[in-house]
Every structure is written in structure tokens, then in C-alpha cells.
Amino acid sequence: MPPRDLPGLYWDEDRQRYFPLSSAPSHGKERPDIDPIAQSQQRTASDTDTRNQTFPLMKSQHRLFSGLRSSPPSTSRKDRLTHFLQCSQFASTGKVERSLMHSPWYGGSVTAFQTAHHNGRVWSFAGDSVGWFYSSLTSSRNPTTTIFAHGWQPEFNLSSEVSSICCSGSWCIATSFGPDCKILHFPLDTTTEDIRVSRIDSRVACDIWTADLRGSRLALGARSQLVCIDDIANRATVHNLPTYSDVFSVAQENHVIYAGLRNGGIFRFDTRTWGSKGDALLDGLFTQPHNSITNLRLLRDFQLLVSNVDGKISTFDLRFPAIRTPLKVYTGNVNSYVIKAPIAVDPSEDFLFAAGQDNRIRLWSLRSGGPPLAPNTSSTPVEFQGLNLLQHHFMQPIRAMQISEEADAMALWVGSGSDVFKYSLGQHVSAGCNF
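This structure is a prediction, so every number in the text was calculated from the model and none was measured. (Residues numbered from 1 in each chain as written. Predicted model: local features only at pLDDT ≥ 70, side-chain atom pairs only at ≥ 80, totals over all residues. Heavy atoms only, no water.)

A short note on the confidence of the model for the protein chain
Argument step 1. Scored by pLDDT, the protein chain has a mean of 84; 79% of the residues are at 70 or more.
Argument step 2. Predicted confidence is poor over residues 27-33, with pLDDT under 50, and the contacts of this stretch with residues over four places away or in other chains come to two contacts.
Argument step 3. Across residues 141-150, confidence stays below pLDDT 50; counting only partners more than four residues off in sequence or on other chains, it has 21 contacts. (pLDDT = per-residue confidence, 0-100. Contact = heavy atoms within 4.5 Å.)

With respect to the pattern of salt bridges
Argument step 1. Per the stated rule, a full pass over the model turns up 17 salt bridges.
Argument step 2. Among the ionic pairs, Asp 207 bridges to Arg 223, the shortest N-O distance being 2.8 Å. Of this pair, Asp 207 sits in the loop between strand E11 (196-199) and strand E12 (210-214) while Arg 223 sits in the loop between strand E13 (217-222) and strand E14 (225-229), and the two are 16 residues apart along the sequence.
Argument step 3. Here Arg 362 ties to Asp 358 by a salt bridge, and the two come within 2.6 Å at their closest N and O atoms.
Argument step 4. Taking the relative accessible area as the measure of exposure, Arg 362 reaches 11% and is therefore buried.
Argument step 5. A network of salt bridges, in which partner residues are shared, links Asp 79, Arg 300, Asp 350 and Arg 367. (Salt bridge = Lys/Arg side-chain N within 4 Å of Asp/Glu carboxyl O. Helix = DSSP H or I, 4+ residues; strand = E, 2+ residues; numbered from the N terminus. Buried < 20%, exposed > 50% of the residue type's maximum accessible area, 1.4 Å probe, protein only.)

Let's talk about unusual backbone geometry
Argument step 1. In this structure, Pro 289 follows Gln 288 across a cis peptide bond, with omega equal to -5°.
Argument step 2. One can find Pro 289 in the loop between strand E19 (279-280) and strand E20 (293-299).
Argument step 3. Even without being glycine, Asn 119 reaches a positive phi, approximately 55°.
Argument step 4. Backbone geometry places Asn 254, a non-glycine residue, at a positive phi of 55°.
Argument step 5. Note on placement: Asn 254 falls in the loop between strand E16 (247-253) and strand E17 (256-261).

With respect to the sheet that holds E12
Argument step 1. The four strands lie next to each other as E12-E13-E14-E15, forming an open sheet whose pairing is antiparallel. For this open sheet the edge positions go to E12 and strand E15 (238-242), each flanked by a neighbour on one side alone. The average undirected angle you get between the axes of adjacent strands in this sheet is 15°.
Argument step 2. The pairing of E13 with E14 spans five bridges and is antiparallel. Paired with Ala 219 across the bridge in E14 is Cys 228. (Pairing = 2+ DSSP bridges. Axes fitted to C-alpha atoms, helices over the stretch in contact; angles between N-to-C directions.)

A closer look at the pairing of strand E22 (residues 313-317)
Argument step 1. In terms of residue burial, E22 counts as a mostly covered element, since five of its five residues are buried.
Argument step 2. A two-sided burial pattern is seen for E22, the buried positions comprising Ile 313, Thr 315 and Asp 317 on one face and Ser 314 and Phe 316 on the other.
Argument step 3. Taken together, the five bridges between strand E21 (residues 303-308) and E22 define a ladder with antiparallel strand orientation. The residue bridging Leu 304 from the neighbouring strand is Phe 316, located in E22.
Argument step 4. Remark: four residues form the turn of the hairpin made by E21 and E22, two consecutive strands paired antiparallel; Gly 311 in that turn has positive phi of roughly 100°.
Argument step 5. Relative to strand E23 (residues 328-330), E22 runs antiparallel, the two sharing three bridges. Looking at E23, one finds that Ile 313 is bridged to Tyr 330.

Quick word on the nonpolar core
Argument step 1. Within the largest apolar cluster, 23 residues are counted, with the highest numbers of intra-cluster contacts made by Phe 353, Ile 361, Met 401, Leu 412 and Val 414.
Argument step 2. Going through the elements one at a time, helix H3 (75-91), strand E25 (351-355), strand E26 (361-365), strand E27 (398-405), strand E28 (410-416) and strand E29 (419-424) are the ones with two or more residues in this core.
Argument step 3. Apart from residues lying up to four places away in sequence, Met 401 is in contact with Pro 342, Ile 343, Ala 344, Phe 353, Ala 354, Ala 355, Ile 361, Leu 412, Trp 413 and Val 414. (Core = buried A, V, L, I, M, F, W, Y, C linked by side-chain atoms within 4.5 Å.)

Describing the side chain of Ser 135
Argument step 1. Mapped onto the elements, Ser 135 comes out in strand E6 (residues 132-139).
Argument step 2. A distance of 2.6 Å separates polar atoms of two side chains, one belonging to Ser 135 and the other to Glu 155. (Polar contact = N/O pair within 3.5 Å; in protein donor to acceptor, adjacent residues only side chain to side chain.)

Things to note about H3
Argument step 1. A rise of 1.5 Å per residue sets the reference length of H3, with its 17 residues, at 24 Å; its end C-alpha atoms lie 24 Å apart and thus fit the reference within 8%.
Argument step 2. Along H3, the residues classified as buried are Leu 81, His 83, Leu 85, Cys 87, Ser 88, Phe 90 and Ala 91. (Expected span 1.5 Å × (residues − 1).)

Considering the packing of aromatic side chains
Argument step 1. This structure, assessed with the given rule, holds 14 aromatic pairs.
Argument step 2. Consider the rings of Phe 90 and Phe 351, whose centres lie 4.7 Å apart with planes at 50°: the pair is tilted. Residue Phe 90 is found in helix H3, and its partner Phe 351 is found in strand E25; the two are separated by 261 residues along the sequence. Take Phe 90 and Phe 351: they sit in the same class, and that class is buried.
Argument step 3. Centre to centre, the rings of Phe 125 and Phe 186 are 5.1 Å apart; their planes meet at 70°, and the pair counts as edge-to-face. (Phe/Tyr/Trp six-rings, centres within 6.5 Å; stacked < 30°, edge-to-face > 60°.)

Side note on the sheet that holds E11
Argument step 1. Spatial ordering of the open sheet is given by E8-E9-E10-E11, a layout of four strands whose pairing is antiparallel. Every interior strand has two partners, whereas the edge strands, strand E8 (162-168) and E11, have only one. Here the average twist between neighbouring strands, direction ignored, is 15°.

Description of empty space enclosed by the protein
Argument step 1. By the definition in use, this model includes five cavities of 30 Å³ or more.
Argument step 2. The computed volume of the largest cavity comes to approximately 70 Å³.
Argument step 3. Pro 7, Leu 9, Leu 282, Phe 316, Asp 317, Phe 320, Ile 323, Thr 325 and Leu 327 are the residues that line the largest cavity.
Argument step 4. Classifying every residue of the lining of the largest cavity by side-chain character gives seven nonpolar, one polar and one charged. (1 Å grid on protein atoms, 1.4 Å probe; cavity = no way out; pocket = protein on both sides within 12 Å on 5 of 7 lines; lining within 4 Å. Points joined across faces, edges and corners; volume = space filled by probe spheres on them. Nonpolar A, V, L, I, M, F, W, Y, C, P; charged D, E, K, R; others polar.)

And the structure:
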């Protein structure tokens, strides 16, 4: 089988490996200057019909099941059919439960959300625009009990908007936005420790836009800098890493921290050498003109998923950090100015959900790229088709999303207005809904 055609790389038949196109031998012609994003979009358009805004699922689930039962399917073919079946099932998602956040201060809307499993219990956390941090606790040993039966418990008010919530190990961390920032430390082992709130001196950091917790290391995206706390439990050394532009998105892996900036820059910092200024990635692809980085996600050990304030979503190969050509481009997202436009990736890193400026959620296959998947309502009664996840128009902007693994299925959590919605992915509206 011939090797795959990978963007930005060429295959050397003699040495049996890939090399960057920049090192390819010339053949008497110079390559013209082209927009790498536009080039990748054109390549995607040749594989799928982009005349429609969404990519239709042409095969029925019955035909997909028949393909899986065919004798004997190859491993790669079976994997492709299984993935396509999942695409069809996720696009038909309609079962939803809804929970209203009762803010002690009227008018608060959900701005952050996170769930975590710890010691046989399922914690759910939410934060709102007026500073309230909420928690809800259920037992994972009783899958019939949901947070909607337990309700939300206001734990603490951080005085300003809760900008992020992240969990790792036995800790949940919440941050607040503004000149007087706070960090709330919520122990998941509530019997051993109490809630602790730290006030951050404005000379150290202000305007915390986002945060990422990995183990005990907390990375904060703040005004004009990335702030890293080595050990949140012991309040260890704080490292201030200047970026000269606000940090809107942060992602961590092992000893490396990635920061996405307001001015479109993406920097990589190595925590083993704190004195380093950081490495600029993608040769300034999104800095001229400025195209703010709203989300960063690390995928499959070597890919970086990037979303921009103008709605662009693409992946890049971190093994070649100077190459500007994306691996995949995901078209059809709607945004032009919203910074808090959340995305969510499933645990298997096969599917991407993104919230648009038009208050709708779109779904892509991370494997194929191109336009979003079309809603699948073939088996849904007409009167319920508005409840389909990909057709539903939320009344308020979507500010938070997360995918979690539940006892019976994966769930997509959506924070919109003062409500938290829980969609059971792959389950039709006929399986039940609760408004």
C-alpha cells in the first residue's frame, strides 16, 4: 500500500520515511507562495462535497451494520465502518436533561463547568458570571442517580466572573477574572481538607482568562503573561513567563506548556528551563493579521488542535513546529469575535464539538476534517426534531462544554445562560428527555 499523503511532508522511497517539504529536492520550479490554511481547505473540498454547509451521512445505520457483519472485514475497514457508525449515532443525539442554576445573586449565567470521578464519586462543578462556584456530588456506584436529582450547592463567591474550572488528581481549581483575581482550591477528599481561596496580587497576575491543571502544576493564562505554580498543594514557587499579549488558551503535557495568545501567537515553554523565553510555533501563521487563539488541545501525542476567534479550527504536527500547513482543517464553524467559544473532544480523540457564535453546536470527525456532520433525524418524529443536539438553537450563548464518560454512554455537558444541559451522546430523543 502506498504511504499516506501528509500535509507539509513528502515520502522518500529510498529512505522509507517522511521529510518536510522544505527539504525536498527542487525540480527546476519554485513553489508559489500560498496560504497554507486555504490550501488545506481546497484539499479537503476535493474529498467531500462542500457545496452544503454540513457533510451529510449518506449511509444508513442498517447498511453500516451490514458492512460490519460482512465476512471477513479487514481490521482497517471494520475500524472505518465503526467510526462512521459512531458519526451517525452522535449526529442523531436527542436525549437531553436540563438543570437550572439557582444563583443566590439574580442574573448569573454559567461561564465554566467541569466533572470529575474520584474515589467512587462523581463531582460536578460550575461557575457563573457573578462569581458563584457550585458543586454537586453523586455516587458512581448508583448510575440511576444524577446531579439533577441532587441539585447544586453554592460553595463560595469569588467576587467576579468564574473564568475557568479544572480538575486533576484530588483537586479542583477555579479562577476568577478581573484585576482582583482569586484561585479557589476545592479538595475532592473533603474529609481531609477544607476549601481554600488564594488572592493573587495584581502585581503578580491579573485578568486570568483560563487555567489548566496537570497533577499538581497549575498554568494560568493571564494578562500579557503565562503564570505557572509548581505545586498548588504546597503553594510552591510561582513562575511568571512574559508573552506580551493576553493568554486566552493553555494546554500542558509532561514538562511542556503551550500558550495561545490574543495576538495570534502560539508559544511553547519547557518547565525544565524556566529562564527560556519560549519557542514561537507555526512561524507566526496567525499573527499577521492577528487572529486570536481561543482554544488549544493536545491530540494523539503529536498534534495540536487550534481554534481561532474568526472560527477557524485546524490541527498541526508538533514534530514540525515551524511548518504552517495544517494536517486537517474543520470548516463551517461560526465565529467572528467571541473569545469564550468552547470546544470539546471525546476521550478517544475521534470527535470534536464546537459552540458557534450563532448559539448552535457543531460536530466534526477529527479523522476526516472538512465540514461538520449533518444532523441525523431520520428516525426522529417531526415534533421532536428541534431537540436534536445539532439542530437545537440555544437561547443564550454557550460558554462551557465538556464530554464525560458515564455508566451507560458518553455525555456532552453544555452551559448556556443559567442552564446546564446534559446530552447522552448517540441516544435518540425517543430515549427520553427532561426539561
